[in-house]
Every structure is written in structure tokens, then in C-alpha cells.
Amino acid sequence: MKLALPVFGGLLLVGVTAAAFQQGQSVVDTPHNLSASGPGVVRAATEAQVCIFCHTPHNASPIQPLWNRSMPVNAYIVYSSNALDAEPGQPTGASKMCLSCHDGTIALGSVVSQGQTIQMAGGITTLPPGASNLGTDLSDDHPISFRYGTSLVARDPHLVDPGQLPAALRLDANGELQCTTCHQPHDNTFGHFLVMRNGNSTLCRACHQISTTTVPAHRDCNVCHRAHTAPSGPYLLTGDRISTTCLTCHDGSHPRALNIASDLSKFDVHDTSSPVDPAEPVPRHVTCADCHNPHTMDRGAGRAPNVHPNFGQVRGVSAAGSPIQVANYEYEVCYKCHADENALTAPHVSRQITEINTRLEFDLSAISFHPVAGPGRNRDVPSLKPRWTTESLVYCSDCHGSDTGRGAGGAGPGGVHGSNEEPLLVARYETSDHTAESASAYALCYQCHYRHVILDAVGPLRDVHRRHIRDENTPCSACHDPHGISSAQGSMLNNSHLINFDSSIVFADPRTGRLEFRDLGTFAGECFLQCHGVAHSPAAYDDRGGPSLNSRIIRP
């Protein structure tokens, strides 16, 4: 028995068209039927033939399969990205055939087999502006016309081996990915002429083996990415930048997404509006993706110093200063911008010892430090609240983050997106001289340290802190540097207990010319300095908390 192939408009459908009828929907019922009877909004005025707009049995161009159109010139801006391992060139093969209509440069009715251009209804000449008209700038479209082989997969392990691709996804005879890898021009069964269903991003994941995430919205590629005419260009995002893409959901409009936009509108923020794809490294370049990998984010609570689950598998810098592909600790993520190549150019408080490399401040070899990368040196901290011990570790985000987040006792999102407390702190921490002491003025310190122990308790901390902080209205930061003092700049004699004087408040002792603290043992020390016009030449303190007999305090 012979197979009777359908005939439309006098043209026998052969080759790939016959296969299309075996797959499902006929081209006749799709927007690619540009005849006068076609179902789409773009169609001919009177032409009845269906296939003539692409194919002809006679007088075809020397391009298979019986191609009936002129090929566009090689004048395309192709997709490019610093994250791209493939090497797309000018469009070739089937992709160039598709572009003979979809780049908008050649009239839809311009066919090789006829001397005259087929007239289109409504006076349309080329594809009207819209998603189907890609133009000649393909930098905002999924890359095409590149070899998808094992060497590419070796460079990009997130790609599926070409031998494991579903049968529906076909490379061309040269092993190149073309428009027809994802689109079947004769069959629109799955919409957008896709070769298979894309529910749950099945089609996308057929090539891209992205790690799993427990965030439901992040499992659908189409929420954040657009294969064609993507506003961002590189990365094919639905927004013009990474931040605008994320804020599509995280702007308070999505019931299950945290409202990050509210924090980004505060006084002090991480500015995440950097361009999408700059050449690296770029100082002060910050995007949401610097801290979060949306494809691997998880839910749940974190425990210092481990990376919080909502960071996902994100790159970092180790405590030794080496780049690492997947950060294990939160501070390693912070070190990408706040270590050897610091995005900040000056400390928030002017210091006797200036250090903006936070990695060195928290290093376990540092003279004294808050316990971020490891337990602190000081074993005697009687002011700690019950949840903390001298073995406890803290996150950077225990101090830096939203002032309305859960870490600050609020109901908003956490994280270091923005705060009304500078420098991006979860609670108020006054650094101005002559600040009246209160529970709110140093709320950041009092999150971990009992206020009454520091100011009122009988013992070694009593008079030293009470006299300076409460009686003299001197801020904690006048003497203490909260991050730490690196071993390259400080010493155990002069910089234990986070001592690093604020140089705008504390000055050299006019009698001796010295500006220094000397550690004289447990709860004992002496200072050579001048503060609030009072010269310490020196002022010494012992384990009773008051001035010792060898103190020489000169008041104006």
C-alpha cells in the first residue's frame, strides 16, 4: 500500500513535513500557515498555498529542503556572556532559515520561485514588532549555531552530555544546536512550536542540569529566564538586571516571597543594581547572585559559621584568602567583597590602626577578634547572655543585616540587604562622641552582652565601663574595634580585648606623647592617652575596676 501524502495549494508536503504529520498537529493549523486561510494574525492577502512561503518543488534555492527563500546576510550580533562556554558564531543551517523571516529584514512574501512578492494582508511586509521579530541583535536570545559536543560539556558540567539528550531534541548534521533543536516549525502541539512540553521546565532541563532547589518558584526556569528578547541580554533574564529579576517576586507582591524591596529602600543598603555581566573582577560590583545561587537555594535555619541554606552553592574566599567554588561558611561569602579586594575604601570609624581587610581582622592568628571564623581568644567574658559562651561562633549577619528582620526581633526578612542603622547593622550602635548611654544607643552590643553586667555589676568591669560609657558619654567604639586587630598590625600587649582607639576621639597623651593601651593581666591594664581633655599619663586599672595607685590622670 502506498502512503498518500497530503497536498496543500498544489504543493506536495515531503521530507520533514511528512514527519510533522506523524508527530501531531499539521502546519496548516499553526501560525506558520501564512496563506490567506491561515489561523494567525499574519497571513497573505490572497495566496492559497501553504508551504510556498518556505518550500517549493521547483526553482528552489540550492539549499535543502527545497528552500524557497533568500538567506539573510551575516550581520548578526550574537549572544555573548562571560559565563558562556560555548562559542556561537554567525547563524548557520536551519537557524539561518528561520531568521529569513524572524529577523525582520526580508519580506515575508519574498520567495525564490516567484518573480513577484506575495502580498500580505493589512499591508504587512515583514514580521511586525513583537516577540517573533528577533531582529539582527541576537545578544538577547538563546545562543544558536554552536557545536554541542563532549568538549563543551567538559568545560561546562551543567550541560547534559549530547548522547543523553531526549530524542525530541536534535542537533544538526554538524552536531550544532540550532533553532530546530527546540522548535519544530511544522508542529505547534506544545505551543511556541516547541519539540516537547516545557512544564516544570522539562525542555530547559533536557540540556541544562541545574542542581535542585527547595524553593518552588526557583524550579521553573521561565520565572526568571526568557529564551528570546530577554531584557538583560546575558543570562537571559526577565529583568534588565539580576536585582530587578529577583524583585519581580521579592517586592512584596508575591505571597510566598520575602519582601526584599522594603529593605533595599532603607538608609544603608547593599546596592545590588550592578550591571549583569561585567568583566571580572569589578570592584564594588554587587548583585543578588553574589550571595545567593537561586538554583541551589534551600530552606531551613543555619548555624554559625556554616553557610545559611538560602545562600545555596555560592562561590567564596577562604580564611586563607583563596577563591573557592562552593563556600562552606558564611564569612567566606562575605570575604569575596570584604577581604583582600575590599569593596570599602575606608573604615566606618577612623582608627589608630587602620585595616579594611576583614579577613585579617577575623583571622584566628589575629590579636583579638569577634568569634566569626573561630572561638575568640578571651576566656573571661562575664557579660555574655545565656545563649552565648566563649566557645560560641557568630555569623557576620548576626550584626549586619535588616533592622526589621527576625534577627533584630522583627518579622521582616533577614540578610544583609538593607537597614536604617549604619553600617548596615541589625540594631543601633552609636559611634558619635558624647552619646548618652541607653539600652537603645548600644542595642547591638546588648544583644549578646548584659547591659547591667557591663555598667552596674560589682567586679572588674564595673567602674571602667560605667565611668566611660555612662558618666563620660563615651561610645563603646572609642576604645573597641568590633571586628578585630590583625596580627600584622597589633600586639597582645597593646590590642587585646579589641582595643583600637577611635582617632577622632582619643589622642596621644600630651605629657608622654604616647597613645596606647597596655594589657597588665586579667582585668588589669593602663592607658596613655588624652580623651575629653583628660590626660592619662597613664591611667591604670586593676581587677577591682578602679584607678590604681600608679595612675596619673591630669584633668584640665
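This text goes with the structure placed above it.
Residues numbered from 1 in each chain as written. Predicted model: local features only at pLDDT ≥ 70, side-chain atom pairs only at ≥ 80, totals over all residues. Heavy atoms only, no water.

Enquirer: Tell me what's going on with the overall build of the chain, and back it up with residues and numbers.
Expert: Looking only at helices and strands, the chain features twelve helices and 15 strands. Here the chain has a C-alpha radius of gyration of 34 Å; the compact-globule value for 556 residues is 24 Å, and the former is much larger. For the chain, the spread of C-alpha atoms along the principal axes amounts to about 115 × 45 × 40 Å. Put simply, of all contacts in the chain between residues at least 6 apart along the chain, 51% involve residues at least 24 apart. Accessible area for the chain stands at about 27700 Å²; split by element, carbon and sulfur atoms hold 55% of it. Of note, the chain has its 38 positive side-chain charges centred 4 Å away from the centre of its 51 negative side-chain charges. (Helix = DSSP H or I, 4+ residues; strand = E, 2+ residues; numbered from the N terminus. Rg over C-alpha atoms; globule rule 2.2 N^0.38 Å. Contact = heavy atoms within 4.5 Å. Areas by Shrake-Rupley, 256 points an atom, 1.4 Å probe, with all protein chains shown as cover. Lys, Arg positive; Asp, Glu negative; His and termini not counted. Charge placed at Lys NZ, Arg CZ, Asp CG, Glu CD.)

Enquirer: Tell me about helix α2 (residues 93-102), and please be specific about residues and values.
Expert: Every buried residue belonging to α2 is among Ser95, Lys96, Met97, Leu99, Ser100 and Cys101, and all of these are buried. In this structure, the buried side of α2 is in contact with α4 (179-182). Gly104 occupies a position one or two residues after α2 and carries a positive phi of about 75°. (Buried < 20%, exposed > 50% of the residue type's maximum accessible area, 1.4 Å probe, protein only.)

Enquirer: Break down the environment of His254 for me, citing the residues and quoting the values.
Expert: Looking at where His254 falls in the secondary structure, it is placed in the loop between α7 (242-246) and α8 (260-264). Classification of His254 as partly exposed rests on a relative accessible area of 31%. His254 sits 223 residues away from Ser477 along the chain, and the two C-alpha atoms are 41 Å apart.

Enquirer: If you had to explain the nonpolar core to someone new, which residues and values would you point to?
Expert: If you look at the biggest cluster of nonpolar residues, it comprises 16 residues, and the most contacted ones within it are Phe146, Tyr148, Leu169 and Leu203. Of all the secondary-structure elements, those providing two or more residues to this core are α3 (150-155) and α5 (202-207). With residues near it in sequence (within four places) discarded, Leu203 still touches Leu169, Cys182, Leu194, Val195, Met196, Arg197 and Asn198. (Core = buried A, V, L, I, M, F, W, Y, C linked by side-chain atoms within 4.5 Å.)

Enquirer: Give a detailed account of unusual backbone geometry, specifying residues and quantitative values.
Expert: The residue after Ala304, namely Pro305, is reached through a cis peptide bond having omega 5°. Of note in this structure, Asn200 is not a glycine but carries a positive phi near 60°. Mapping Asn200 onto the fold places it in the loop between α4 and α5. Take Asn200: its relative accessible area is 68%, and that puts it in the exposed class. If you check the backbone angles, Leu424 has positive phi at about 50° while not being a glycine. With respect to the secondary-structure elements, Leu424 resides in the loop between β9 (418-419) and α11 (451-455). Relative accessible area serves as the criterion here: at 9%, Leu424 is assigned to the buried category.

Enquirer: Report on the state of the cysteines, specifying residues and quantitative values.
Expert: Counted under the stated rule, the structure contains zero disulfides. The thiol of Cys249 is unpaired, and the distance to the nearest cysteine sulfur, on Cys224, comes to 6.6 Å. With relative accessibility at 18%, the residue Cys249 sits in the buried group. Residue Cys531 stays outside any disulfide, its sulfur separated by 6.8 Å from that of Cys479, the closest cysteine. (Disulfide = S-S within 2.5 Å.)

Enquirer: Any chance you could break down the side chain of Ser100 for me, citing the residues and the numbers?
Expert: Along the chain, the position of Ser100 falls in helix α2. You can call Ser100 buried: its relative accessible area is 1%. Sequence-distant contacts of Ser100, defined by excluding residues within four places in its chain, comprise Trp67, Arg69, Ser70, Pro72 and Ile106.

Enquirer: An account of the side chain of Ser368 is requested, with residue identities and associated values reported.
Expert: Among the structural elements, Ser368 can be located in strand β8 (residues 368-369). At 2.8 Å, the side chain of Ser368 forms a polar contact with the backbone oxygen of Asn495. Sequence-distant contacts of Ser368, defined by excluding residues within four places in its chain, comprise Glu361, His483, Gly484, Ile485, Asn495, Ser496, His497 and Leu498. (Polar contact = N/O pair within 3.5 Å; in protein donor to acceptor, adjacent residues only side chain to side chain.)

Enquirer: Lay out helix α9 (residues 330-338) with the relevant residues and their values.
Expert: Looking only at α9, the buried set comprises Glu330, Tyr331, Glu332, Val333 and Tyr335. Contacts from the buried residues of α9 go to β6 (316-317), β7 (323-324) and α10 (358-362).

Enquirer: Got a sec to walk through the pattern of salt bridges? Specific residues and values, please.
Expert: For the structure on display, the rule yields nine salt bridges. Note that Asp263 is salt-bridged to Lys266, the shortest N-O span being 2.7 Å. In this structure, Asp263 and Lys266 share a single accessibility class: buried. Two residues, Glu430 and Arg428, come together in a salt bridge whose shortest N-O distance is 3.0 Å. (Salt bridge = Lys/Arg side-chain N within 4 Å of Asp/Glu carboxyl O.)

Enquirer: Quick rundown of the packing of aromatic side chains? Include the residues and the values.
Expert: All chains considered together, the criterion is met by two aromatic pairs. For the pair Tyr331 and Tyr335, a centre-to-centre distance of 5.3 Å together with 50° between the ring planes defines the contact as tilted. One end of the pair, Tyr331, and the other, Tyr335, are both in helix α9, four residues apart, so they sit about a helical turn from each other. Residue class for Tyr335 comes out buried when judged on its relative accessible area of 3%. Three or more aromatic residues joined by ring pairs form one cluster here, namely Tyr329, Tyr331 and Tyr335. Looking at Arg514, its charged tip hangs above the ring of Phe528, at a distance of 3.6 Å from the centre. (Phe/Tyr/Trp six-rings, centres within 6.5 Å; stacked < 30°, edge-to-face > 60°. Lys NZ or Arg CZ within 6 Å of the ring centre and 35° of its normal.)

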